[in-house]
Amino acid sequence: MAVPVAFFALFFAYPVTAIVGRGLKAEGAWQLGRIGEVLSRPDILDVLWFTTWQALASTALTLLIALPGAYVFARFDFPGKQVLRAVVTVPFVLPTVVVGTAFLALLGRGGLLDELWGVRLDTTVWAILLAHVFFNYAVVVRTVGGLWSQLDPRQEEAARVLGAGRFAAFRRVTLPALAPAVAAAALMVFLFTFTSFGVVQILGGPTYSTLEVEIYRQTAQLLDLPTAAVLTLVQFAAVGGILAVHAATVRRRERALKLVDPAQTSRRPRGAGQWALLGGVLLTALLLILLPLGVLVERSFDGPGGYGFGYYEALQSVGAGGSSTFLVPPLEAVGNSLRYALVATLIALVIGGLAAAALTRRAGRLVRGFDALLMLPLGVSAVTVGFGFLITLDKPPLDLRTSWILVPLAQALVGVPFVVRTMLPVLRAVDDRLREAAAVLGASPLRAWREVDLPLVRRAVLVAAGFAFAVSLGEFGATVFIARPDNPTLPVAVARLLGRSGELNYGQAMALSTILMLVCAVSLLLLERIRTDRSGEF
């Protein structure tokens with residue numbers, strides 16, 4: 001545990017504590033009265049209210065739309081099922097900047113709806129809610145559908161034989177078994193939407209602001225650190241409460257259930273009703289997922305002189321069309337992002353692998369607290385972390401403010417939780433007797449790990465690396481502060497282009513977003529190919 005604890009203490013706890021302390025301290029004394037002052041401001045109360053209710057609305061809408069999809073993937077067998085499963089998962093690994101850009105191309109000025117019917121939904125709450133459903137659809141499908149596919153359908157069939165109707169059998173038999181999974185998915189969606197930044201930043205305009213967006217505005221634009229510090233504490237407390245509820249839900253989910261092989265529960269649809277349900281899910285995937293991504297790609301080719309590669313070619317030059325947005329050609333952001341993400345993935349694998357090993361071999365309250373600590377970077381303001389890097393890592397022996405390594409370090413903080421969650425179940429499945437037998441035969445702990453653990457968890461390591469790479473590639477909240485102007489990442493470059501007026505800047509943003517989407521999609525497809533199959537090696 002020593003290395004992961006030191007990593008999180010230095011690159012997470014220290015920057016966050018420092019920026020909060022700088023905001024709430026004056027002349028060496030804590031000014032805790034500022035908390036009450038900030039939280040009593042009407043504009044801040046409006047931000048808190050909007051952050052909460054939009055997260056609740058996004059969660060409810062996501063469950064309403066995604067639960068039929070979870071049922072279809074769990075119970076139906078149809079051609080193209082695996083491809084469709086990968087397609088609906090693509091939005092979850094996309095950077096929020098790309099999600100916002102895709103919906104801007106669909107719902108914004110000059111978008112598809114504007115051209116067809118003269119309707120614009122950007123700068124409205126509906127654009128934000130739809131983008132959140134798009135982003136979190138796979139969370140519900142994967143979490144609920146995964147458990148649903150392993151529930152024995154004969155239990156519900158027995159209830160119907162005893163006289164229960166279809167709905168009554170579902171409500172009394174299946175729903176109680178699914179309830180922990182539904183609650184866990186709902187809490188995860190709420191967590192992601194409560195801390196939403198890129199989507200609201202792009203689609204909300206000046207009208208709507210979540211806590212994360214307001215922290216960015218108070219820090220980067222108004223330089224009001226006291227207000228940003230208070231909002232960070234509020235977000236930290238809210239996320240801590242959400243994670244505590246989520247942990248309790250996960251423990252409930254681990255109760256004994258009669259599970260079967262998913263291959264035994266999946267069959268072709270029967271009857272008009274089931275075929276209609278399958279058609280509805282496919283139509284939802286088409287309109288909600290494929291349409292925004294398709295419009296994004298189409299806009300990247302739709303130049304002033306007609307369809308072509310004009311916007312992509314403009315990415316190769318500095319100041320095309322009179323723009324001074326970049327010091328280097330925007331296309332260089334592709335190479336920057338790939339290099340940063342590779343280094344961040346390596347860091348996340350080392351830190352996350354050690355943390356997963358520690359959580360596997362030890363138990364107790366201290367380790368459970370360490371497990372919760374690993375999840376905090378997913379919910380604590382990435383803006384606070386990024387700005388904290390600038391004000392803390394600026395003097396020897398850790399003067400990293402001008403170093404390229406700062407970006408991978410920030411990205412690795414987000415990648416570590418995914419590595420831990422991917423590797424931990426597999427490590428726990430390794431039989432301790434294999435390690436003990438290796439030790440009896442004279443193997444050192446390192447050799448036992450190399451000869452016993454590593455062959456068994458190799459695929460899990462590859463899957464963890466893929467997830468870490470994808471989330472590192474799309475990290476935006478912290479990177480927007482610490483990426484140097486001559487070395488921007490893809491999400492930062494997209495945000496800069498969208499922040500400037502002009503058709504050329506807009507087109508280049510669409511082109512860069514398409515490139516970023518393709519890189520993330522390729523990463524996901526590789527994940528699907530290397531993920532541990534049902535006939536695993538242990």
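Each value, and the rule that gives it
Residues numbered from 1 in each chain as written. Predicted model: local features only at pLDDT ≥ 70, side-chain atom pairs only at ≥ 80, totals over all residues. Heavy atoms only, no water. Salt bridge = Lys/Arg side-chain N within 4 Å of Asp/Glu carboxyl O. Helix = DSSP H or I, 4+ residues; strand = E, 2+ residues; numbered from the N terminus. Expected span 1.5 Å × (residues − 1). Bend = angle between axes of the 7 residues up to and from the residue. Buried < 20%, exposed > 50% of the residue type's maximum accessible area, 1.4 Å probe, protein only. Core = buried A, V, L, I, M, F, W, Y, C linked by side-chain atoms within 4.5 Å. Contact = heavy atoms within 4.5 Å. Axes fitted to C-alpha atoms, helices over the stretch in contact; angles between N-to-C directions. Parallel < 35°, antiparallel > 145°, perpendicular 65-115°, else oblique. Left-handed = near helix turned anticlockwise from the far one by under 90°. Nonpolar A, V, L, I, M, F, W, Y, C, P; charged D, E, K, R; others polar.

Before going further, it helps to examine the pattern of salt bridges. Counting across every chain of the model gives five salt bridges. A salt bridge links Arg217 to Glu214; the nearest nitrogen and oxygen atoms lie 2.7 Å apart. Within this pair, Arg217 and its partner Glu214 are both found in helix α11 (residues 211-221), separated by three residues, close to a single helical turn.

End to end, helix α1 (residues 2-24) covers 30 Å across 23 residues, agreeing with the expected 33 Å (1.5 Å per residue, within 8%). Where α1 bends most, the angle comes to about 40 degrees, and this point is Ala9. For α1, the full list of buried residues reads Pro4, Phe7, Phe8, Phe11, Phe12, Pro15, Val16, Ile19, Val20, Gly21, Gly23 and Leu24.

Moving on, we get to the nonpolar core. Formed by 167 residues in total, the largest nonpolar core has its most connected members in Phe7, Leu94, Phe389 and Leu512. In terms of residue count, helix α7 (residues 125-148) provides more of this core than any other element does, 16 residues in total. Filtering out sequence-adjacent residues up to four positions away, Phe7 remains in contact with Phe12, Ile347, Ile351, Leu409, Ala412 and Leu413.

Attention shifts here to the packing of helix α3 (residues 42-75) against helix α14 (residues 271-301). Here α3 crosses α14 at 125 degrees, and the two axes come no closer than 10 Å. By the angle class used here, α3 and α14 are oblique. Of the two possible hands of crossing, α3 and α14 adopt the one that is left-handed. Facing Ile65, Pro68, Gly69, Tyr71 and Val72 of α3, the residues of α14 in contact are Leu277, Leu278, Val281, Thr284 and Leu288. In terms of residue class, the contact of α3 with α14 is made up of eight nonpolar, two polar and no charged.

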